[in-house]
Amino acid sequence: MTSAQELLRSQRDLLLSWTCDHPAPLLRWLCDDEVLSPSSYLSLLEKSATDAVAQALETACASEESSQRFLEVLREVQDYYCKDLHIWVDGHCRSNRQPSSKVVKAEGKKDMKPTRSQRMANLKAQISTHKTTLLKRMEELKSYSEGSGEASNSTSHIEIRYTDLFVTEDNDFTDSSQHEYFDLASRRARIYVHQSCQRIRPSQLLSPQETTGQPPKRVKVKGIAGIGKSVAVQRLVYEWAIGKSMREFTCIFDLSFRELNLIEAPLSLLELLGERFRYLRDALPDLFTAPRSLLFILDGLDEFRFPLDWKSRDKNIGIESKVPVSDLIVALIKGNLLPEASVILTTRPSTEAPKRFFQRCCVVLGFEENQVKEYTTKFYKDRKVAEKVYNYISNNDSIFVLSFIPLYCYIICTAMAEFFSGTQDVGDFKSLELNPPRTVSEVYFCYLFTAVKHHALRGDAKRSTPKSEVLSQAKQQLTNLGKLAYENLLQRKIMFSRGDLENYGVTPANIQGTFLCQILHPLKEETVEMFSFFHLTVQEHLAALYCALNLFSQEDITQALNLWCFGLHPPSVSSTLLKNIEVNMDMLDSLQMFTRFFMGLLRTRLERQLDGLVDPSIKEGAGVPTSLGLWFQDQFKNRKMTNETALNLLHCLMEFHMKETTTLAALEIKRLNLFKMKLSIVDCAAMHYVLKFSPHTLQELNLGYSNIGNRGLIRLKPILHRCESLYLRYNCLDWQAAILESAILKSNECQVKKLFMCGNNLGPEGVNELWAALEHNTTVEELYLDITGVTEKGTENIVNCLSKNTSLKILTIVGNEIGEVGRKRLRELETLRPDLRIIANFVDDLGLLQAYLGWVEEIRADRDQMDSVKNVDALQSVLKGLQGVGGKVEKGENADKAMELKIKIEELLKSHLN
């Protein structure tokens, strides 16, 4: 008998010829089977296909054991390769037998016997083709830093570049109406004390649910622009196609809403999939006989240009029913079409996709600190450059904050490469050191300028060419691109044909050879060639650049802001940018990011950083910052705004980053209500930037249910002492936040009168810090600590500290298990401080009972809130508190309200379980 080693050596050239066309499946399985080490595997992915397979064979032949494993792997992955390999495997790699020495030729050999059911065997060839096609499409992470024929500064194979994202179940289940929030490390923990943070890998999106034990059929994955949703599902498809996860699905259909935008005429699902996956056309009828084994991935709902009618009556739609593509999507998500199939939908938070149609909702939170470092390390081939860039990012707080969003991390790394690669001009680096990008607008402009400079000066030794000269070389192209971006952004159009580009003076043939390759992305399918900006935010940025280069008068600028922020059409306009523009109220949310970019680029222009793009004959007005300050002041003083709009204005001020303007605006910010806004650390940075210019006390800052986390609270710390009423309820805060808040209460500058910390896991350590801080505090009059994890240990120093306090009038501490010893201490404190009202039981206060009754009614009216783990757990905590009091309460209005609350909570929980 021939050994496995001898067989591989003798058949090396044959195996090489069969597998070198697409070595990815073979290499991945060899790595997972420990024939290749992880480091060897990644290094092979960077080699040519032939060299990679040849080296893998050489490694496998090092021992008989590894050779046997190679043959076992070959049997597993044979479907990815040609029929000749199938025949060879059938002759040499049967299970539990020594390899034969006989060299079997392909001619005259029958196909291998099927290993699945007969029906699936008929589909095997088509599915194998599908998997191979998906692998070739999914194994490369999109990289936009290369021109035609140029080497990249980074590797882009998904196995090399992919960095784990933080994906977690979104148990808040509150549909946000805001356009964007930069959701970073501040949302790294559950709101409610009993819930720990759970990381979900893409392959686990359809894992069984704890409540039912069954996998969900409909899953929504939401996250802001650039947070990594598409890459997460790309990884999922890759893992399925390579045979490593989700093997319960016979077929996965990945559909991009960008591509679905191109469909005008009604069509059936069979026709849609037959066009998108032509090689599966004959197999589709058989596949649909087992819909349970099908998975649809619908990526980028926020980019869909057709309206979706979620409230329409359910239609009887089959796989052959010809309907508008929007109806197909709604029917598929709602389960009217193929209810047994599985569906994963990705979307931005601002796009409506009602949660009642999904059994699981997840949120992508981007990177954590260690993933930023990992991504930076993977981005550059040169480890020294990677280390320099990461150190620069981590030492510049404003950039470090932005790097938690994968797209921004990519843009930052691309922009920084020019400064740290060793080819940069010394003046460039000094400029970067003195003026690091501080805002999102600056990061994007730095990326754009780097792209323009890299291509404009390619092969030119004069790297010190002035910025204005570099920009002037690209002026016409940037103007054309900006006009394309702006006019189509207002129409929500993100896909462009060759004709569209040519109408705006953009030549498609020039894309790969110029900086346009870093901005425009071609989509080439069998039947269509379209183009799009590589990300929607890039389109928004270029649209804003176009406006910043064409709006000069104070009147034009404020009229534009009225239009973009509030949908107010000016009675008369002088600028062509604002003429014949239709902005519907429902479009305003989608223009928020664009408006922020405009403000940032307007400042860039005022600082003469856009010289070379600006028409030199136009003189800049001196009063723009003051005029804008007065405009913002008027909005905060006189306009009734939504929370989302108020936050967007804060971001606009931070992007504009001019002291004169912000000082004027901050004068009229007396209250700020961002309740349930799901704020990020960047949102906190915007609040801090604006409010630090306020000369007066902030009467109210309501950040309840906004998930700012400890990191967000730290960002806000310098302004918190000036807030008379500070609402921090349900904010993912823990004992460290209590220590921070204690420091604020100890400050001589503290002006806090009401402090709401309910629903945060402060624990005994945290509340003991608060008691100590209140011992000498003279401002706090009301303190609310409902459901904060206070235990008996958390009351150890309450008597000693609060008995010396003279200002506190109300202390609410319900929903905490302080035990009998804790209650005894509270009674002792009441004796020592008769002027302090302590509410330790729900029945103690009629107003508190009424508030909880209102909360229960809110949940009853919006039953989707019951899917929130924190709400269910909070209801159970309240119920436990009510039951603990039991018959100790005398009859009266409080007792009646307590009983009413108890009954309603029990009914609500019972209906939820059913």
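The structure presented is a predicted model; accordingly, all values stated were derived computationally and were not measured.

Things to note about the overall build of the chain
Each helix and strand in the chain was counted, giving 38 helices and 15 strands. Burial statistics for the chain: of 914 residues in total, 59% are counted as buried. Put simply, 77% of the contacts in the chain that link residues at least 6 apart link residues at least 24 apart. If you sum the accessible surface of the chain, you get close to 37,700 Å²; carbon and sulfur atoms cover 48% of it.

Details of the packing of helix H22 (residues 475-489) against helix H24 (residues 536-548)
Contact geometry for H22 and H24: axes closest at 7 Å, N-to-C directions at 110°. One element, H22, and the other, H24, form an angle in the roughly perpendicular class. Considering the relative orientation of H22 and H24, their crossing is left-handed. Listed contacts from H24 to Leu 478, Thr 479, Leu 481, Gly 482, Lys 483, Ala 485, Tyr 486, Asn 488 and Leu 489 of H22 are Leu 536, Gln 539, Glu 540, Leu 542, Ala 543, Tyr 546 and Cys 547. Counted by class, the contact of H22 with H24 contains 10 nonpolar, 4 polar and 2 charged residues.

Regarding helix H27 (residues 624-638)
The terminal C-alpha atoms of H27 lie 21 Å apart, and with 15 residues this matches the ideal 21 Å at 1.5 Å per residue to within 8%. As for H27, its buried residues are in contact with helix H25 (554-566), helix H26 (592-606), helix H28 (643-656) and helix H29 (659-666).

Some points on the sheet that holds strand S9 (residues 671-673)
As summarised here, the arrangement of the 7 strands in space is S9-S10-S11-S12-S13-S14-S15, forming an open sheet in which the pairing is parallel. Either end of the sheet is taken by a strand with one partner, and the two such strands are S9 and strand S15 (837-839). Here the average twist between neighbouring strands, direction ignored, is 5°. Of the pairings in the sheet, the one linking S9 to strand S10 (residues 698-702) comprises 3 bridges and is parallel in character. Paired with Arg 671 across the bridge in S10 is Glu 700.

A word on the packing of H27 against H28
Two elements in contact, H27 and H28, have axes separated by 11 Å at closest approach and are oriented at 165°. On the basis of the axis angle, H27 is roughly antiparallel to H28. Crossing of H27 against H28: the hand is left-handed. Residue-level contacts link Pro 625, Leu 628, Trp 631, Phe 632, Gln 635 and Phe 636 of H27 to Ala 646, Leu 649, Leu 650, Cys 652, Leu 653 and Phe 656 of H28.

A look at the side chain of Thr 439
Secondary-structure assignment places Thr 439 in the loop between helix H19 (426-434) and helix H20 (440-456). Owing to a relative accessible area of 1%, Thr 439 belongs among the buried residues under this scheme. One polar contact links Thr 439 to Glu 655, side chain to side chain, over a distance of 3.2 Å. The residues touching Thr 439, leaving out its near neighbours within four places in the chain, are Leu 402, Arg 603, Met 654, Glu 655 and His 657.

So, the pattern of salt bridges
Pairing of side chains with opposite charge becomes possible as their charged atoms draw close. Going through the model one piece at a time under the given rule, you end up with 33 salt bridges. For the salt bridge of Lys 136 with Asp 21, the shortest nitrogen-to-oxygen distance reads 3.6 Å. Here the residue Lys 136 occupies a position in helix H8 (residues 118-138), and Asp 21 occupies one in the loop between helix H2 (12-19) and helix H3 (24-32), the gap between them amounting to 115 residues. Look at Lys 136 and you get partly exposed, because its relative accessible area is 42%. Close ionic contact of Glu 259 with Arg 276 constitutes a salt bridge, the shortest N to O distance being 2.9 Å. Pair noted here: Glu 259 is in helix H11 (residues 257-260) and Arg 276 is in helix H12 (residues 269-276), with a separation of 17 residues, a long-range link. The exposure class of Arg 276 is buried, given its relative accessible area of 15%. Salt bridges here are not isolated pairs; linked through shared partners, they connect Arg 28, Asp 32, Glu 159, Arg 235, Glu 239 and Lys 244.

Observations regarding the pairing of strand S2 (residues 218-222)
Of all 5 residues in S2, 5 are buried; the element is thus mostly enclosed. What you see with S2 is no split at all: Arg 218, Lys 220 and Lys 222 on one side and Val 219 and Val 221 on the other are buried throughout. Two strands pair when backbone bridges link them, and S2 and strand S5 (residues 342-347) are joined in this way by 5 bridges, in the parallel orientation. Within S5, the residue paired with Lys 222 across the bridge is Thr 347. Of the pairings in the sheet, the one linking S2 to strand S6 (residues 360-364) comprises 4 bridges and is parallel in character. Looking across to S6, one finds that Val 221 is bridged to Cys 362.

Here we look at the sheet that holds S5
What the 6 strands build is an open sheet, ordered S1-S6-S2-S5-S4-S3; its pairing is mixed. Looking at which strands have only one partner, the edges of the open sheet turn out to be strand S1 (167-169) and strand S3 (251-256). Neighbouring strand axes in the sheet, compared pairwise and without regard to direction, differ in orientation by 20° on average. Relative to S6, S1 is paired through 3 bridges, and the arrangement is antiparallel. Bridge pairing links Val 167 to Val 364 in S6. The sheet strands contacting helix H10 (residues 229-241) are S2, S3, strand S4 (294-299), S5 and S6, and the helix crosses S4 at an angle near 155°.

Some details on helix H5 (residues 49-60)
Taking 1.5 Å as the rise per residue, H5 with 12 residues should run 16 Å; its terminal C-alpha atoms sit 17 Å apart, in good agreement. By the burial criterion, the buried members of H5 are Ala 52, Val 53, Ala 54, Ala 56, Leu 57 and Ala 60. In the core, the buried residues of H5 are packed alongside helix H1 (4-10), H2, H3, helix H4 (38-45) and helix H6 (64-77).

Overview of the nonpolar core
In this structure, Tyr 486, Trp 564, Phe 598 and Trp 771 are the most contacted members of the largest nonpolar core, which totals 238 residues. With 12 residues, the top contributor of residues to this core is helix H18 (residues 406-420). If sequence neighbours within four positions are ignored, Trp 771 has contacts with Leu 783, Leu 785, Gly 794, Thr 795, Asn 797, Ile 798, Cys 801, Leu 802, Leu 811 and Ile 813. One finds Ile 263, Phe 288, Leu 338 and Leu 345 within the second-largest nonpolar core, a separate group that totals 45 residues.

What counts, and at which threshold
- Residues numbered from 1 in each chain as written.
- Predicted model: local features only at pLDDT ≥ 70, side-chain atom pairs only at ≥ 80, totals over all residues.
- Heavy atoms only, no water.
- Helix = DSSP H or I, 4+ residues; strand = E, 2+ residues; numbered from the N terminus.
- Buried < 20%, exposed > 50% of the residue type's maximum accessible area, 1.4 Å probe, protein only.
- Contact = heavy atoms within 4.5 Å.
- Areas by Shrake-Rupley, 256 points an atom, 1.4 Å probe, with all protein chains shown as cover.
- Axes fitted to C-alpha atoms, helices over the stretch in contact; angles between N-to-C directions.
- Parallel < 35°, antiparallel > 145°, perpendicular 65-115°, else oblique.
- Left-handed = near helix turned anticlockwise from the far one by under 90°.
- Nonpolar A, V, L, I, M, F, W, Y, C, P; charged D, E, K, R; others polar.
- Expected span 1.5 Å × (residues − 1).
- Pairing = 2+ DSSP bridges.
- Polar contact = N/O pair within 3.5 Å; in protein donor to acceptor, adjacent residues only side chain to side chain.
- Salt bridge = Lys/Arg side-chain N within 4 Å of Asp/Glu carboxyl O.
- Core = buried A, V, L, I, M, F, W, Y, C linked by side-chain atoms within 4.5 Å.

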